[in-house]
Amino acid sequence: MDINEALIKYCLRLGDDAMILGHRLSELCSKGPYLEEDIAMTNISLDLFGQTRMMYTTAGEIEGKGRTEDDFAYKRLEPEFQNVLLVEQPNGNFGNTMARQMVFSVFYYYLFKELQSSSNEKLAAFAAKSLKETTYHMRHSCEWIVRLGDGTEESHWKVQDALNEIWSYRHELFEKDEVDETLISAGLIPDTATFKSAFEASVQEVLDRATIEEVEEGWKSTGGRIGHHSEYMGHILPIFQSIPRTYPNSKW
Amino acid sequence: MEDVSRLEAFQAKIDREEKIEPKDWMPDAYRKHLVRQMSQHAHSEVVGMQPEGQWITRAPSLRAKVVLLAKVQDEAGHGLYLYSATESLGISRDELLEQLHTEKAKYSSIFNYATLNWADMGAVGWLVDGAAIVNQVSLQRTSFGPYSRGMVRICKEESFHQRQGYEIVADMALGSPEQKQMAQDALNRMWWPSLMMFGPHDADSPNTGNATKWKIKRETNDELRQKFIDKTIQQATVIGLTVPDPDLNWNKETGHYDFGEIDWSELKEVINGRGPCNKQRLKHHRAAHEEGAWVREAANAYAQKQSDKKKVA
């Protein structure tokens, strides 16, 4: 695969992951368990949309066909999105939201840590900026998993259920295909296999502090990177894209 | 006797334009007035997150989305700030929320109207925040220190919101025919409720009383309303929108716009819980609060365990 083609796809995947999770968190606006958490959730959502915009803009620049961030966000169809299924999963209760966030943020923390030394300047700068944000998202979600796990009996079981539901969605984050292989061999992105054990150890440490004994393994998630999504995706995009699709002749 | 001299000293301080701080002595009625007004203000910021928040998922561009997200986040921040300032008067946030949920405390009636198209995101910023600013600029000089300082900070962000709102309405008013129609529709629906935000005519305002003497309130409802109208009419005209008031007329002699009679029976209905979205807004806030109870309990239980551990160690 041509390096530029692989780079465009890679940027879009990172952008898609951030956009769909950013969307999920934006659904929670005014629904937080308290005002401080409401602010934290919109904050994370804002960071993720910032990352989305950087990645879509970069993809458009490499592609050189004049496509803008909004073309990628609003004019692609569901199978063209290549985000992992993890980010599509519903917000559920606060425990579900935090468990999903922890898996996502711990993975991206390690990815960005490595990616900031990419020989591609754009990717390196993007990773360095995003690492700061992701470190905060990771701390925030991990601390909540600990509080909920070691809080009340009710919160313990709720967060246990949440982890059982989401944990096996981590697999897809470590999948590799031609896009990844091409960029790994060119030295542009890290091989996720190099930090898989560090990722798992970090999560384990949080689970220990949260007094969670064992998390169930479920269906090994796959499909997002080739555009095969969960049913939830069909309820996200129609809302997200509704205005530009309803008024195609207007500029926004 | 002591109270009389305290009251005189208190009034003298206000007359010297010195701020009253939380630890200073103050008459009960002053404290009560502030708790009512400041908590109403805080609740307005928080309930006001709903009509805009419900559009974030549908924002028509990524830029518009982050601008709106940041704006609603600012409102949550203002709410937080105002709750803290109100707590300095000796009431807890839990009590304030309880008052909101039991309808003992009010919030601005404007948030009981629905936001029906994307132009409303512009109209809310332009008109609703625009009206709020006129009021808040005046409140920067209010006599209670924490409230006054809060208003200084909040005004900076609000004027930013107002410009962003106007930009949305202006872009749509000058855009495609469908967009222009949405912009005009938003103005038609939001105009009169925005004027009502300033409250009843001065003659019918039940809460003014001592508020002026105590310099909590620096300008009257009618004065503030007139300021808002004067600055907004021209902004509408420039972008080709029509303000829905056939009686609107520039009055050379007064140097102000004359305007038609406000439908006070509508305001009364909305204030008394019978507006289009009153039930919906309160239900949403209560539901989020109740749904979050187990999280707050868990956080308290965890904090308790941590402090117990520290004591043992």
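Not measured: the values here are computed from a predicted model. (Residues numbered from 1 in each chain as written. Chains lettered and ligands numbered in written order. Predicted model: local features only at pLDDT ≥ 70, side-chain atom pairs only at ≥ 80, totals over all residues. Heavy atoms only, no water.)

*Asks:* Hey, could you run me through the overall build of chain B in this one?
*Replies:* When helices and strands are counted, chain B shows 13 helices and two strands. In terms of overall dimensions, chain B is globule-like: its C-alpha atoms have a radius of gyration of 21 Å, near the 20 Å expected for 313 residues. Projected onto the principal axes, the alpha-carbon positions of chain B cover approximately 70 × 50 × 35 Å. Expressed as a percentage of the 313 residues in chain B, the buried residues total 53%. For chain B, contacts bridging at least 24 residues in sequence account for 77% of all contacts bridging at least 6. On chain B, roughly 14600 Å² of surface is accessible, and the fraction owed to carbon and sulfur atoms is 53%. Charged side chains in chain B number 41 positive and 44 negative. The centres of these two groups are separated by 6 Å. (Helix = DSSP H or I, 4+ residues; strand = E, 2+ residues; numbered from the N terminus. Rg over C-alpha atoms; globule rule 2.2 N^0.38 Å. Buried < 20%, exposed > 50% of the residue type's maximum accessible area, 1.4 Å probe, protein only. Contact = heavy atoms within 4.5 Å. Areas by Shrake-Rupley, 256 points an atom, 1.4 Å probe, with all protein chains shown as cover. Lys, Arg positive; Asp, Glu negative; His and termini not counted. Charge placed at Lys NZ, Arg CZ, Asp CG, Glu CD.)

*Asks:* Sorry if this is basic, but what is going on with the confidence of the model for chain B here?
*Replies:* The predicted structure's coordinates, where accompanied by low pLDDT, should not be read in detail. For chain B, the mean per-residue pLDDT works out to 94, and 98% of the residues sit at or above 70. Here the predicted complex scores 0.96 on pTM and 0.97 on ipTM. (pLDDT = per-residue confidence, 0-100.)

*Asks:* What am I meant to see in helix H9 (residues 233-240) of chain A here?
*Replies:* Of the positions making up H9 of chain A, those classed as buried are Met-233, Ile-236, Leu-237 and Phe-240 of chain A. With its buried residues spanning 85° around the axis, H9 of chain A presents them on a single face. The inward-facing, buried residues of H9 of chain A abut helix H1 (3-26), helix H2 (35-63), helix H3 (69-74) and helix H10 (242-246) of chain A together with helix H4 (62-87) of chain B. (Arc of directions from axis to C-beta.)

*Asks:* What's the story with the nonpolar core in this structure? I'm lost.
*Replies:* Nonpolar side chains tend toward joint burial in soluble globular proteins. Ranked by size, the top nonpolar core spans 166 residues in total, and within it Tyr-30, Trp-118 and Trp-191 of chain B carry the most contacts. In terms of residue count, the dominant contributor to this core is helix H4 (residues 94-115) of chain A (14 residues). When residues no more than four places from it in sequence are discounted, the contact partners of Trp-191 of chain B are Leu-127, Phe-228, Ile-229, Thr-232, Ile-233, Val-243, Pro-244 and Asp-245 of chain B. (Core = buried A, V, L, I, M, F, W, Y, C linked by side-chain atoms within 4.5 Å.)

*Asks:* Explain the interface of chain B and chain A to me, please; I cannot follow it from the model alone.
*Replies:* If you look at the interface, chain B gives 46 residues, while chain A gives 49 residues. The junction of chain B with chain A conceals about 3900 Å² of combined surface from both sides, 69% of it contributed by carbon and sulfur atoms. By the criterion of area lost to chain A, the three top residues of chain B are Leu-62, Trp-294 and Tyr-302 of chain B, representing 20% of everything that side buries. Our count for the contact surface shared by chain B and chain A stands at two salt bridges. Its salt-bridge partner being Lys-305 of chain B, residue Asp-150 of chain A comes within 3.1 Å of it at the nearest N-O pair. Our count for the chain B to chain A interface comes out at twelve residue pairs in polar contact (both at pLDDT 80 or more). Residue assignment for the side of chain B that touches chain A shows that the elements contributing at least two residues are helix H3 (49-53), H4, helix H8 (177-196), helix H12 (278-291) and helix H13 (293-312) of chain B. (Buried area = accessible area lost by both parts, 1.4 Å probe. Salt bridge = Lys/Arg side-chain N within 4 Å of Asp/Glu carboxyl O. Polar contact = N/O pair within 3.5 Å; in protein donor to acceptor, adjacent residues only side chain to side chain.)

*Asks:* It is not clear to me how the pattern of salt bridges should be interpreted in this structure. Could you clarify?
*Replies:* When the charged atoms of two side chains with opposite charge come close together, those side chains can pair. One pass over the full model with this rule turns up 32 salt bridges over all chains. Among the salt bridges present, the one from Glu-200 of chain A reaches Arg-170 of chain A, with a minimum N-O distance of 3.1 Å. Here the residue Glu-200 of chain A occupies a position in helix H8 (residues 196-209), and Arg-170 of chain A occupies one in the loop between helix H6 (153-166) and helix H7 (178-185), the gap between them amounting to 30 residues. Since its relative accessible area comes to 5%, Arg-170 of chain A is described here as buried. Among the ionic contacts, a cluster of salt bridges with common partners joins Glu-52, Lys-71, Glu-75 and Asp-129 of chain B.

*Asks:* How should helix H2 (residues 28-47) of chain B be read in this particular structure?
*Replies:* Residues separated by three or four positions in an α-helix point in the same direction, a consequence of the helix having 3.6 residues per turn. Across its 20 residues, H2 of chain B extends 28 Å between first and last C-alpha, which sits within 8% of the 28 Å expected from 1.5 Å per residue. For H2 of chain B, the tally of buried residues reaches 14 of 20 residues, placing the bulk of the element in the interior. (Expected span 1.5 Å × (residues − 1).)

*Asks:* Can you walk me through the packing of aromatic side chains in this structure?
*Replies:* Aromatic rings considered in pairs are described by the distance between their centres and by the relative angle of their planes. Tallied over the entire structure, the rule returns 26 aromatic pairs over all chains. Between Trp-191 of chain B and Phe-228 of chain B, the aromatic rings sit 6.1 Å apart at their centres with planes inclined by 25°, giving stacked as the arrangement. With Trp-191 of chain B in helix H8 and Phe-228 of chain B in helix H10 (residues 221-238), this pair connects stretches of sequence that are 37 residues apart. Using a relative accessible area of 0% as the deciding quantity, one classes Phe-228 of chain B as buried. Each residue in the set Phe-104, Phe-107, Tyr-108, Tyr-109, Tyr-110, Phe-112, Phe-126, Trp-167, Phe-174, Phe-195 and Phe-199 of chain A is aromatic and connected to the rest through ring pairs, giving one cluster. Its guanidinium or amino end placed over the ring of Trp-144 of chain A, Arg-147 of chain A lies 4.5 Å from that ring's centre, counting from NZ or CZ. Stacked on the ring of Phe-240 of chain A, the Lys or Arg Lys-65 of chain B has its end atom at 3.9 Å from the ring centre. (Phe/Tyr/Trp six-rings, centres within 6.5 Å; stacked < 30°, edge-to-face > 60°. Lys NZ or Arg CZ within 6 Å of the ring centre and 35° of its normal.)

*Asks:* In this structure, what is going on with the layout of surface pockets? I would like to understand it.
*Replies:* Residue and element names in this part refer to chain B. Here the second largest pocket defines a volume of roughly 390 Å³. Lining of the second largest pocket is provided by 21 residues; of these, Arg-63, Ala-64, Glu-167, Ile-168 and Asp-171 occupy positions nearest its centre. Elements that contribute at least two residues to the lining of the second largest pocket include exactly H4, helix H6 (119-139) and helix H7 (145-173). The leading source of residues in the lining of the second largest pocket is H7, at seven residues. (1 Å grid on protein atoms, 1.4 Å probe; cavity = no way out; pocket = protein on both sides within 12 Å on 5 of 7 lines; lining within 4 Å. Points joined across faces, edges and corners; volume = space filled by probe spheres on them.)

*Asks:* I'm lost on the packing of H2 of chain B against H4 of chain B in this one. Help?
*Replies:* The description of two helices packed together rests on the angle between their axes and the distance between the axes. Residue and element names in this part refer to chain B. Where H2 meets H4, the closest approach of the two axes is 8 Å, and the angle between their N-to-C directions is 160°. As summarised for this structure, H2 and H4 are arranged roughly antiparallel, according to the angle between their axes. When you trace H2 past H4, the crossing you get is left-handed. Mapping the contact onto sequence places Val-35, Met-38, Ser-39, His-41, Ala-42, His-43, Glu-45 and Val-46 in H2 and Glu-75, His-78, Gly-79, Leu-82, Tyr-83, Ala-85 and Thr-86 in H4. When the residues that make up the contact of H2 with H4 are grouped by side-chain class, the tally is seven nonpolar, six polar and two charged. (Axes fitted to C-alpha atoms, helices over the stretch in contact; angles between N-to-C directions. Parallel < 35°, antiparallel > 145°, perpendicular 65-115°, else oblique. Left-handed = near helix turned anticlockwise from the far one by under 90°. Nonpolar A, V, L, I, M, F, W, Y, C, P; charged D, E, K, R; others polar.)

*Asks:* Please clarify how the side chain of Lys-65 of chain B should be interpreted in this entry.
*Replies:* Within the secondary structure, Lys-65 of chain B sits in helix H4. Among buried charged residues, Lys-65 of chain B stands out as having no salt bridge; its nearest opposite-charge side chain is Asp-70 of chain A, 9.1 Å away. At 3.3 Å, the side chain of Lys-65 of chain B forms a polar contact with the backbone oxygen of Thr-57 of chain B. Residues in contact with Lys-65 of chain B, not counting those within four places in the same chain, are Phe-49, Tyr-74 and Phe-240 of chain A together with Ile-56, Thr-57, Arg-58 and Ala-59 of chain B.

*Asks:* So what exactly am I meant to see when it comes to the packing of H4 of chain A against H6 of chain A here?
*Replies:* All names here are of chain A. With their axes 8 Å apart at the nearest point, H4 and H6 run at an angle of 45° to one another. By the angle class used here, H4 and H6 are oblique. The element H4 and its partner H6 pack so that their crossing is right-handed. Between H4 and H6, the residues in contact are Gly-95, Asn-96, Ala-99, Arg-100, Met-102 and Val-103 and Ala-162, Leu-163, Glu-165 and Ile-166, respectively. Here the contact of H4 with H6 is built from residues that sort into six nonpolar, two polar and two charged.

*Asks:* Help me understand empty space enclosed by the protein, please; the structure alone is not making it clear to me.
*Replies:* Empty space among the atoms becomes visible once a probe the size of a water molecule is rolled across them. Residues and elements named next belong to chain A. Summed over the entire model, instances satisfying the criterion amount to four cavities of 30 Å³ or more. When its volume is computed, the largest cavity comes out at roughly 150 Å³. Elements represented by at least two residues in the lining of the largest cavity include exactly H1, H4 and H7. Tallied by class, residues from the lining of the largest cavity come to nine nonpolar, one polar and six charged.

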